[in-house]
Amino acid sequence: MSGVRAVRISIESACEKQVHEVGLDGTETYLPPLSMSQNLARLAQRIDFSQGSGSEEEEAAGTEGDAQDWPGAGSSADQDDEEGVVKFQPSLWPWDSVRNNLRSALTEMCVLYDVLSIVRDKKFMTLDPVSQDALPPKQNPQTLQLISKKKSLAGAAQILLKGAERLTKSVTENQENKLQRDFNSELLRLRQHWKLRKVGDKILGDLSYRSAGSLFPHHGTFEVIKNTDLDLDKKIPEDYCPLDVQIPSDLEGSAYIKVSIQKQAPDIGDLGTVNLFKRPLPKSKPGSPHWQTKLEAAQNVLLCKEIFAQLSREAVQIKSQIPHIVVKNQIISQPFPNLQLSISLCHSSNDKKSQKSTTEKQCPEDHLYVLEHNLHLLIREFHKQTLSSIMMPHPASAPFGHKRMRLSGPQAFDKNEINSLQSSEGLLEKIIKQAKHIFLRSRAAATIDSLASRIEDPQIQAHWSNINDVYESSVKVLITSQGYEQICKSIQLQLNIGVEQIRVVHRDGRVITLSYQEQELQDFLLSQFVMDLKVAARLWFSFLVTNVKTFQKVMFYKITNGVIFVGHSKKFSGIKWKVETLFIKWSCLCLHLALVYYDFFQMFPKEVSRNFDMKCLQINYKYKEEITCKGVLFLKTIIRKCLFSTLKLSLYK
Amino acid sequence: MGVTCVSQMPVAEGKSVQQTVELLTRKLEMLGAEKQGTFCVDCETYHTAASTLGSQGQTGKLMYVMHNSEYPLSCFALFENGPCLIADTNFDVLMVKLKGFFQSAKASKIETRGTRYQYCDFLVKVGTVTMGPSARGISVEVEYGPCVVASDCWSLLLEFLQSFLGSHTPGAPAVFGNRHDAVYGPADTMVQYMELFNKIRKQQQAAAFME
């Protein structure tokens, strides 16, 4: 700032003197400012020893007072006045209060010092602690913990109990709901067992076997309806179900297939009036709902209908020698002459009318449960066949039919092979065959049993095999004499009972085929009996009759009868005689021969020869019944004795 | 399926086809064979359509479609020296669809019909070969069931043929010569029939030509 001239500035202190007086002419008389010492004194007076040094209020007040000090002399004058008031007590100079305060402080300090020194000596003054209230006795910490734990546990238990209460409430509610059975939950249960589908607003189900392979044209649909006839005011019945099923009217009730074999053909007029006896329904599982039993029964009716439809279709189509008769609900066929097989569908509805009519006693004994069961099995097999991979085309574009039939073209099968592929037998034929076999088997068993009971000696034993085929059974027949089982081991027959004939296999390999006639089997078995006796008698004749002593020992029988005369001979080895009398003949014969031989021996010892022939004997049958058993026994005793002797025997001469 | 031999029986001098057939059948019955029904083998000829032939002008191949009542569900298709196809009876329907590629030759259907005789393990078929309404010849087929290898039983077959055919016994068929030890199949029988039919057809043509 070279161009600008310097300006003189004078400084004057701002501190102006206090005005003491303003004269009339406007002159001001100033107070002389306080000197340094005066100022200090003024400040010292202001110190208040009664208050702590940390009191800020005083300091604040002090500073305020200080701050106000300069602007207004009036205020300082006031303070001076206050100081003056303080000073007004007989005091003189500003340091007086300070001096007094200091003095009192000193006094007090000295006193304190003295007291402390005396107390330190403990001669004249001691410090006595002030008695305080005893502390509350410390409680056992364990009991405290226990109590605290108990309390906390009680609190937790409370919470848990509340929760449990809530749960039990909900469970009981659920159970109550179960009993009440919500429609939807019941529907869910139904869906677990049966196929359902929704059509419009109706729920329909399928109880036919179509999905299992059946080809029966019945629709088999049932309807599921809501059971709304529930009176809420009354108590809900126990078996209440909110769901009900409506089955087709022709499947109501229960049905079964009755298969029976009768000996005599009934009159033609009796056909078609099969006694339907209502079979008691099979017990349903406890706890299964009523719709389940209803639907199962309806399904069974449908299956029986299918079986019967199949059988009647085959009965009409298949040509057989004796045609099958199909009347109403019965199929009649003749497997054997004088034998009638009747298969009927017994369908009883649940009406009250029919229940009354079926109270008459029916005889269910001729019903062959086995065949009924087999019918069910066969139809199920047929179902499975339609669904099996043999029938279903693989690949999907191949034609339907048996798998091997599809190959028969490209592999050039000839007629034999094609026929073997096609199952030529229908249901009816199979059942008839099975029925024939069952009948034949039971009759063979009856024949054997009757022979066994009628003829005591020799004995016949029959060992039936447990494992049989539907078309074949076998039995092993042994004919033995008591005591001579080892000798008569040769008579062992294996009978294979088939559908229409019985094949006999002898132990020595001969195979004989018998027809279904009962008499044939009986005759054949009797001839085998005779064989047994023949063996025994041959044995008797085959040994050297030189041992007289043996005869003497066993001789106990007296001759009381017997006219023996020479006559026409009957050769020993012929079995052309009638079988029944042959047996008795033989036993008597053997006895008499034994007696005669003994007599002869006694009378004509020289004439006893080895090959004693019966040419000169014939028999008198007077006492044939009485002596039959005893005689044979006698004969056997003789034979036994001879056997145990040292004689050589040749069995089969 | 056993080894089969197909041969032709020439018509006896001064006799018609029918009479010769009767002679043969009588011989067989005296031998002890039992009649077991009838049989029929027929053959249709197709040739490849002209449209499918190349510009080189190669002659179309002839295809024969044959049926045999012995294999009722099968149909045989074969070329002259080529493969033989054994198919389902749907093959006939397929041929209709393949009209564009294979055309049936005119008046080509030839068949043999006759009776079937069973003599223990032998199956003898004596048939009259007809083309249209007229009988052209006699076919004799003998099958020996138990054996499937041609070379093993040819001598046995020959002996049997001699027993009732006498001097007209044929030689070993060509198919036997091809595969001695291979298993004999129905296709080989059909090849033999095809050859027989062709021979008869040529004879017929030659006779017609001569006339």
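Under an unreviewed UniProt entry, the name given to chain B is Mediator of RNA polymerase II transcription subunit 20, and the organism recorded is Macaca mulatta. According to UniProt, the comment filed for chain B under the heading Sequence similarities (unreviewed entry) is "Belongs to the Mediator complex subunit 20 family." UniProt annotates chain B under Subcellular location (unreviewed entry) with the comment "Nucleus".

An unreviewed UniProt entry lists chain A under the name Mediator of RNA polymerase II transcription subunit 17, from Macaca mulatta.

A.B. asks: Summarise the confidence of the model for chain A; cite the residues concerned and give the values.
C.D. replies: All names here are of chain A. When pLDDT is averaged along chain A, the result is 71; 63% of the residues meet or exceed 70. Note on residues 600–628: pLDDT is under 50 here. Beyond four places in sequence and across chains, it has 47 contacts. Long-range and interchain partners of residues 642–653, a stretch whose pLDDT sits below 50, account for 20 contacts in this model, where long-range means more than four residues apart.

A.B. asks: Run through the packing of helix α7 (residues 290–317) of chain A against helix α9 (residues 369–387) of chain A, naming residues and quoting values.
C.D. replies: When two helices pack together, their arrangement is captured by the angle between the axes and the distance separating the axes. Residues and elements named next belong to chain A. Between α7 and α9, the least distance of the axes is 10 Å, while the angle of their chain directions is 85°. It follows from the interaxial angle that α7 and α9 lie roughly perpendicular. Residue-level inspection shows N300, L303, C304, E306, I307, Q310 and L311 of α7 in contact with α9, the latter providing L375, H376, I379 and H383. Residues of the contact of α7 with α9, tallied by class, amount to six nonpolar, four polar and one charged.

A.B. asks: Help me get a handle on the interface of chain B and chain A, residues and values and all.
C.D. replies: With twelve residues of chain B in contact, the opposing surface of chain A contributes nine residues. Across the chain B to chain A interface the summed buried area is about 820 Å²; carbon plus sulfur atoms make up 58%. Counting the contacts that link chain B with chain A gives zero salt bridges. For the pair chain B and chain A, the number of links is two residue pairs in polar contact (both at pLDDT 80 or more). Broken down by secondary-structure element, the contributors of at least two residues to the side of chain B that touches chain A are β4 (74–79) and β5 (84–88) of chain B. Broken down by element, the residue count for the side of chain B that touches chain A peaks at three residues, all from β5 of chain B. Class assignment of the residues belonging to the side of chain B that touches chain A gives a composition of eight nonpolar, two polar and two charged.

Parameters and conventions
- All residue numbers refer to position in the chain's written sequence, counted from 1.
- By the order in which they are written, chains take letters starting at A while ligands take numbers starting at 1.
- Selection of residues for local features in this predicted model requires a pLDDT of at least 70, selection of side-chain atom pairs for listing and counting requires 80 or more, and totals for whole chains, interfaces and linings are taken over all residues.
- For the side-chain quantities, the full set of heavy atoms in the structure was used; hydrogens and water were omitted.
- UniProt positions are given in the numbering used here, feature names are shortened, and annotations may be inferred rather than shown by experiment.
- Values of pLDDT, the confidence the predictor places in each residue, fall between 0 and 100.
- By the convention used here, residues are in contact when the closest approach between their heavy atoms is within 4.5 Å.
- Axes here mean lines fitted to C-alpha atoms, for a helix over just the part in contact, with angles spanning 0 to 180 degrees between N-to-C directions.
- Secondary structure counts use DSSP, requiring at least four H or I residues in a row for a helix and at least two E residues in a row for a strand, with both numbered from the N terminus.
- Under this scheme an angle from 65 to 115 degrees is roughly perpendicular, one under 35 degrees roughly parallel, and one over 145 degrees roughly antiparallel; angles in between are oblique.
- All residues other than Ala, Val, Leu, Ile, Met, Phe, Trp, Tyr, Cys, Pro, Asp, Glu, Lys and Arg, Gly among them, are scored as polar; the first ten of these are nonpolar and the last four charged.
- Take the accessible area each of two parts loses on contact, using a 1.4 Å probe, and add the two losses: that sum is the buried area.
- Whenever Lys or Arg places a side-chain nitrogen within 4 Å of a carboxyl oxygen from Asp or Glu, that contact is recorded as a salt bridge.
- In protein, a polar contact requires one atom able to donate a hydrogen and another able to accept it; more generally it is a pair of N or O atoms within 3.5 Å, and residues adjacent in sequence count only if both atoms are side-chain atoms.

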